[in-house]
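# Fold and geometry: a report
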Amino acid sequence: MAACSVEKNTDASRFYHSMTARYNIYFNGYESYKAGIGKISRGYHDDFAEMLNVFENSDPATVSLCSSDMETAIQKSSKLISLKSITSKPELDNNREISEKDKKLLEQKEYNEWVDDSYLLIGMARFNLHEFDEASALFSFCNTEANDPDVRTEASIWLARVHNETKNYTESNRILSEIDVSGKISRSLEALYYTTLSDLFIKQKRYNEAVDPLTRSIELVAGKRAKYRLTYLLAQVYSQIGNGSKATALYRDVVRMNPPYDVEFNARINIAGVFDVNSGNPEEMRKELLKMLKDSKNKDFED
């Protein structure tokens, strides 16, 4: 145990502190973060009569839903950094020639891989608390100091999200344009990139430019809720640019996803709202609306 002090930097100490950081501290912090995100998904209600947010946590109202869990995630991650960070240079065998691998190792500033992840997790938690200045500083730190290229990329995307929320769209666009997603990148990271790019365009009402990244986002995101929300939003975007037939097709896709009642109801109403009498069948549309009127679930919405 003495050999595994963070004051020492050996293969054994790096392995020990990496393992205990990951399974003893980071795991619990990330579980708290996920619990907070889950509370947002369950507690937040979209206004389907308005343009949806790409991200539910863009709404300041979500802070109260997740604050306790985010604070716990911050505490756990801060504890990991405090107790498990290894910054002393590694002990190398002086009797052998230093290899290129050794040189890269000596250039590192941090030797516990989970410290990078912890700084990123604190930034993500700060973002969900809408503490954007603090989140920005943490993402910028990760972007320049993290050893893991995936952590640097993810931090850059989150930094662009901060700029989206604070209306610094020029800087967000600069950051996103410098990120290469054509290489080896995880599906979840690619989804985060395209949803952030969609968010950038939609917040600026650049709806034509939002179509491609939002379409790609729907292909990449995981979970039924994320897919029907973004499909609904894409239908709204097509409606904004005057493509009623495409909007209608997407609203019908939403209905086929068997979403919650309020989502299906609004999708069906919006189908009527974007209906083109010149290219569609008015009588069929009329039958659909009459059928909705006869449904007892819609009694409160007969008007």
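Everything here concerns the structure above.
Conventions adopted
Residues numbered from 1 in each chain as written. Predicted model: local features only at pLDDT ≥ 70, side-chain atom pairs only at ≥ 80, totals over all residues. Heavy atoms only, no water. Helix = DSSP H or I, 4+ residues; strand = E, 2+ residues; numbered from the N terminus. Contact = heavy atoms within 4.5 Å. Areas by Shrake-Rupley, 256 points an atom, 1.4 Å probe, with all protein chains shown as cover. Buried < 20%, exposed > 50% of the residue type's maximum accessible area, 1.4 Å probe, protein only. Salt bridge = Lys/Arg side-chain N within 4 Å of Asp/Glu carboxyl O. Phe/Tyr/Trp six-rings, centres within 6.5 Å; stacked < 30°, edge-to-face > 60°. Lys NZ or Arg CZ within 6 Å of the ring centre and 35° of its normal. Axes fitted to C-alpha atoms, helices over the stretch in contact; angles between N-to-C directions. Parallel < 35°, antiparallel > 145°, perpendicular 65-115°, else oblique. Left-handed = near helix turned anticlockwise from the far one by under 90°. Nonpolar A, V, L, I, M, F, W, Y, C, P; charged D, E, K, R; others polar. Core = buried A, V, L, I, M, F, W, Y, C linked by side-chain atoms within 4.5 Å. Expected span 1.5 Å × (residues − 1). Bend = angle between axes of the 7 residues up to and from the residue.

A tally of regular secondary structure across the protein gives 13 helices and 0 strands. For the protein, the N- to C-terminal ordering of α and β elements is α-α-α-α-α-α-α-α-α-α-α-α-α. In the protein, the share of contacts with a sequence separation of at least 24, taken over all contacts with a separation of at least 6, comes to 62%. Here the protein has roughly 16,400 Å² of accessible surface; of this, 49% comes from carbon and sulfur atoms.

What follows concerns unusual backbone geometry. Even without a glycine there, the phi angle at Lys205 is positive, about 60°. Along the chain, Lys205 turns up in the loop between helix 8 (187–203) and helix 9 (207–220). For Asn258, which is not glycine, the phi torsion reads 55° and is therefore positive. Overall, Asn258 belongs to the exposed group, its relative accessible area being 55%.

This brings us to the pattern of salt bridges. Enumeration according to the criterion identifies 15 salt bridges in this entry. The residue Lys34 makes a salt bridge to Glu31 at a minimum N-O spacing of 2.9 Å. With Lys34 and Glu31 both in helix 1 (residues 11–43) and 3 residues apart, the pair spans about one turn of that helix. A residue is classified by how much of its surface remains accessible, and Lys34, at 40% relative accessible area, is partly exposed. Judged by relative accessible area, Glu31 falls into the partly exposed class, the value being 33%. Connected through salt bridges with shared partners, the residues Asp46, Glu56, Arg225 and Arg229 form a single ionic network.

This part takes up the packing of aromatic side chains. Throughout the structure, instances matching the rule amount to 11 aromatic pairs. Ring geometry for Tyr261 against Phe265: centres 6.1 Å apart, planes inclined by 40°, an arrangement best described as tilted. Highlighted residues: Tyr261 and Phe265, both in helix 12 (residues 261–273), separated by 4 residues, approximately one helical turn. Look at Tyr261 and you get partly exposed, because its relative accessible area is 30%. The residue whose ring lies beneath Arg161 is Phe55, and the NZ or CZ to ring-centre distance is 3.5 Å.

When two helices pack together, their arrangement is given by the angle between the helix axes and the distance between those axes. Two elements in contact, helix 4 (residues 113–128) and helix 6 (residues 149–165), have axes whose closest approach is 11 Å; the angle formed by their N-to-C orientations is 15°. Of the possible angle classes, the one that applies to helix 4 and helix 6 is roughly parallel. For the crossing formed where helix 4 meets helix 6, the hand is left-handed. Two secondary-structure elements touch here, helix 4 through Asp116, Asp117, Leu120, Met124 and Phe127 and helix 6 through Val151, Glu154, Ala155, Trp158, Arg161, Val162 and Glu165. Each residue belonging to the contact of helix 4 with helix 6 can be placed in one class, and the counts come to 7 nonpolar, no polar and 5 charged.

What follows covers the packing of helix 1 against helix 2 (residues 63–84). Contact geometry of helix 1 with helix 2 gives a least axis separation of 8 Å together with a crossing angle of 170°. In terms of orientation, helix 1 lies roughly antiparallel with respect to helix 2. Crossing of helix 1 over helix 2 shows left-handed handedness. Of the residues belonging to the contact of helix 1 with helix 2, the class tally is 13 nonpolar, 8 polar and 4 charged.

Moving on, we come to the environment of Met124. In this fold, Met124 is placed in helix 4. Residue Met124 is classed as buried on the basis of its relative accessible area of 7%. Taking the C-alpha atoms as reference points, Met124 and Ile74, 50 residues apart in sequence, are found 9.2 Å from one another.

Let us look at the nonpolar core. Soluble, globular proteins show a tendency: their nonpolar side chains are buried together. By size, the foremost hydrophobic cluster in this structure holds 79 residues, and its most contacted members are Leu120, Phe139, Trp158, Tyr193, Ile202, Tyr232 and Tyr251. Ignoring any residue separated from it by four or fewer positions in sequence, one finds Tyr193 in contact with Ile157, Leu176, Ile179 and Val181.

So, on to the side chain of Thr62. Considering the arrangement of structural elements, one finds Thr62 in the loop between helix 1 and helix 2. Each residue touching Thr62, except ones within four places of it in the same chain, is listed here: Ile40, Tyr44, Glu56 and Asn57.

As a further point, take helix 9. The end-to-end C-alpha separation of helix 9 is 20 Å, in line with the 20 Å expected for 14 residues at 1.5 Å each. Of all the bends in helix 9, the largest measures some 25° and sits at Pro213. Among the structural elements, helix 8 and helix 10 (224–240) are those in contact with the buried residues of helix 9.

The analysis is restricted to geometry; functional conclusions fall outside its scope.
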